[in-house]
Amino acid sequence: MTVRFIGAGPGDPELITVKGQRLLAAADTIIYAGSLVNPALLAFAKQDAVIMNSAAMTLDEVIDAIAQATAAGREVVRLHTGDPSIYGAIKEQMDALDARGISYEVVPGVSSFLAAAAALRCEYTLPEVTQTIIVTRLEGRTPVPEREKLAALASHRATMCIFLSVHMLDNVVGELIAGGYPADTPIAVVQKASWPDQKIYHGTLATIAGTVQEAGVDRTAMIVVGNCLGGGKMKTAFISVTDNGARLAADTAANLTCKLDLYAKAGREGGTEATTYESLSELVAEIYQKYNGLVFIMATGIVVRVIAPHIRDKRYDPAVVVMDEGGRHAISLLAGHLGGANELTHVVAKAAGAAPVITTATDIQQKPAPDVLAARIGLEIEPFDQLKRINAALVAGKRVVFFIDCSLPNYEHYVNLAAEQCIMLVTADDLVHTDRYDAAVVISDKELYMVKPHIFLRPATMAVGVGCRRGVSSAELFTAITDACRKIGRSVKSVGSVATTAVKDDEIGLLAMVEQMAVPFKTYSNEQLLHCIEKFGLETSAFVEEQIGVGNVCEASALLAAGTDKLLLGKTIYDKISVAIAEVKSPSLA
Ligand code: SAH
């Protein structure tokens, strides 16, 4: 009698293999891993099959049950979730069967990390992004070898599928950021992939922990991270027709970090390494669909004629930018919002020292796109990857409402601006009636719970003061600040600056963290801090005083950076870090 270890698949009973189902149907004894195997699979079993749930059994009990059944001449199936070779603890069972001379066979199954890819409709091995998948977990009761720590693996920036760890998502995010994933890297959590109650949460490393905590997901979920989920830097081509243009393209490209290719007219490469072409119209026919962005360095008229035959739809067209060969103007020509041409124009203009020319500035169908609004008044978009969805809803004429949090310091200003842009605002009461709108744009610094698709625009209403020991990591700092914001119900995206003592102005972890958060870093001398401590009668600590020379770093620096007397969160201690948050009276308006 050969025992069969069978992969049950991730949940959907149809995702067991044909072989697995056949053997299951023929089994006399079935021992299934009850915690995750879908009981619906047991419907394939024979009427009189003996069925046992191993969730409540020890290893010895399982082996005894298998041994007794095989000795009695019964066909035994050991049913494991997903694929048995992945976190399935089958080695210990196989060893025990070997010891007793019982033969066995393994039938593979669809692992949950593959069901997650299907749910996310993504390709893990996306050309030009990554060709590697790392399947791993955070350390739990089972130790993980030092060289496989998440931060070490993250340095590859490959696609990562992280099992058994969603209940420690904060730590996962901290390690991934510490390992080198930028905070805006896309990440998704797929709960119960392929089950009827499957749920997907999208975000970035900066946002996902909040989203998932709010949703209360703490088990049976796959964490997928990496640029295969989209949001990677876009691929851009520069196309020139003159020597000057070719040189401008190469110089501009040298200032950019996004992936790009250079094309120059044959014989007019201007001494650059650009790929050459003979006919512009043939080149454009070939590359129009291949790039997310096309930057033409030539007259607008030429570009209009040459792209005209290929223009399809603003959802599919690449971002088209035109720059004169003198590098004076960069014009967003096509696919301004959805294709990202406005964004690309800003990036290219900055790199070339040109003036950006944007002509879609006011509206999509009478309503401004949230990204335009955000750029105008200096707000952070959260989550950024939701932007396309909201803009698509606007374009499709869906009911997208705008809401401004009336407790914001600049409330009046935002309202006036909305009026200028002909935006109709809704009230908090309106927001509650979710049947009255399809999506919402919310200007607030608070973590609001929203049911409908939405995007937050975050004003910089907070200054964070930090005290820390030497050698803390940027991830520890970021996690502490995120948690501090969460404590007062605010989004970390509303942090406008981070401040500390001048003694720490070279602290590597702090510098890396402010770089990741992309906020100004302010440091204050002991004299300034002392003055602030006295002025507001802040409490001091003898230990801190001994170390730094003043007794309160975080509260004093937060207040100084905010320029107010209002602490939103007093000194809050984390492991090696103390955090305080002060309210910025009048966040500067872009
Ligand atoms: N052998 C299984 C993994 C067992 S470990 C496999 O190949 O899938 C259990 C972990 O797998 C869970 O903590 C979760 O991270 C993941 N998991 C199992 N089923 C899942 C599902 N349907 N959706 C998402 N994650 C799942």
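Before reading further, recall that the structure is shown in the block above.
Residues numbered from 1 in each chain as written. Predicted model: local features only at pLDDT ≥ 70, side-chain atom pairs only at ≥ 80, totals over all residues. Heavy atoms only, no water.

**Q** Just checking my understanding: could you explain the overall build of the chain for this structure?
**A** Within the chain, the secondary structure is distributed over 20 helices and 27 strands. For the chain, the spread of C-alpha atoms along the principal axes amounts to about 85 × 75 × 55 Å. A total of 590 residues make up the chain; the buried ones form 49% of that total. Sequence separation of at least 24 residues holds for 64% of the intrachain contacts in the chain that already meet a minimum separation of 6. As displayed, the chain offers around 27200 Å² of accessible surface, 51% of which is attributable to carbon and sulfur atoms. Here the chain contributes 53 positively and 66 negatively charged side chains, and the mean placements of these two sets differ by 3 Å. (Helix = DSSP H or I, 4+ residues; strand = E, 2+ residues; numbered from the N terminus. Buried < 20%, exposed > 50% of the residue type's maximum accessible area, 1.4 Å probe, protein only. Contact = heavy atoms within 4.5 Å. Areas by Shrake-Rupley, 256 points an atom, 1.4 Å probe, with all protein chains shown as cover. Lys, Arg positive; Asp, Glu negative; His and termini not counted. Charge placed at Lys NZ, Arg CZ, Asp CG, Glu CD.)

**Q** Is there a simple way to think about the sheet that holds strand β6 (residues 133–137) in this case?
**A** Backbone hydrogen bonds hold the strands of a sheet together, and the pairing may be parallel or antiparallel. With mixed pairing, five strands are arranged side by side in an open sheet as β6-β7-β10-β8-β9. In the strand order of this sheet, the two ends are held by β6 and β9 (199–204), each with one partner. Neighbour-to-neighbour, the strand axes of this sheet turn through a mean angle of 20°, independent of strand direction. Lying over the sheet, helix α4 (residues 112–120) contacts β6, β7 (159–163), β8 (186–191), β9 and β10 (221–225), oriented at roughly 65° with respect to β10. (Pairing = 2+ DSSP bridges. Axes fitted to C-alpha atoms, helices over the stretch in contact; angles between N-to-C directions.)

**Q** Looking at this structure, how should I read the site of the ligand?
**A** Close to the ligand lie 18 residues, the nearest being I86, S111, S112, A193 and A221. With the chains in place, 95% of the 540 Å² that the ligand exposes on its own is no longer accessible. Looking at the shell around the ligand residue by residue, the class counts come to 11 nonpolar, five polar and two charged. (Near = heavy atom within 4 Å. Nonpolar A, V, L, I, M, F, W, Y, C, P; charged D, E, K, R; others polar.)

**Q** Would you take a moment to explain the packing of aromatic side chains for this structure?
**A** Ring pairs (aromatic) are described by centroid distance and by the angle formed between their planes. According to the stated counting rule, one finds five aromatic pairs in the structure shown. Judged by centre distance (5.1 Å) and plane angle (55°), the rings of Y87 and F163 are tilted. Residue Y87 is found in the loop between β4 (76–80) and α3 (91–100), and its partner F163 is found in strand β7; the two are separated by 76 residues along the sequence. Overall, the relative accessible area of 38% leaves Y87 in the partly exposed class. F163 sits in the buried class, given a relative accessible area of 8%. Through a chain of ring-to-ring contacts, three or more aromatic side chains come together here, namely Y87, F113, Y124 and F163. Residue placement shows K192 over the ring face of W195; its charged tip is 4.0 Å from the ring centre. The positively charged end of K452 is found above the aromatic ring belonging to Y437, 5.9 Å away from the centroid. (Phe/Tyr/Trp six-rings, centres within 6.5 Å; stacked < 30°, edge-to-face > 60°. Lys NZ or Arg CZ within 6 Å of the ring centre and 35° of its normal.)

**Q** Would you take a moment to explain the nonpolar core for this structure?
**A** Soluble globular proteins tend to bury their nonpolar side chains together. Grouped together as the largest cluster of nonpolar side chains are 52 residues, with contacts concentrated most on M160, L176, V189, I481 and V498. Counting residues per element, this core draws most heavily on helix α16 (residues 474–487), which supplies six residues. Setting aside its immediate chain neighbours within four residues, V498 contacts V464, V466, I481, L510, M513, V514, M517, V519, P520, F521 and K522. (Core = buried A, V, L, I, M, F, W, Y, C linked by side-chain atoms within 4.5 Å.)

**Q** Looking at this structure, I do not really get the environment of Q191. What am I missing?
**A** Tracing the sequence through the fold places Q191 in strand β8. Spatially, the C-alpha atoms of Q191 and V166 are 9.4 Å apart, while their sequence positions differ by 25 residues. If sequence neighbours within four positions are ignored, Q191 has contacts with D197, Q198, K199, Y201, V217, R219, T220 and A221.

**Q** Teacher, can you tell me more about the pairing of strand β25 (residues 521–524) here?
**A** Bridge analysis of strand β24 (residues 495–501) against β25 gives four bridges, and the strand direction is parallel. Its bridge partner being in β25, T500 is matched across the sheet by T523. Each parallel crossover has a hand, and for β24 linked through helix α17 (residues 508–517) to β25 it is right-handed. (Right-handed = clockwise from strand over helix to strand, strands pointing away.)

**Q** Mind showing me how you'd approach α3 here?
**A** An α-helical turn contains 3.6 residues, so a residue and the one three or four places further along point in the same direction. Buried within α3 we find Q93, M94, A96 and L97. Seen end-on, α3 carries its buried residues on one side only, within an arc spanning 160°. For α3, the exposed residues lying more than 90 degrees away from the buried face are K91 and A99. For α3, the secondary structure elements touched by its buried residues are β1 (3–7), α2 (59–71), β4 and β5 (104–107). (Arc of directions from axis to C-beta.)

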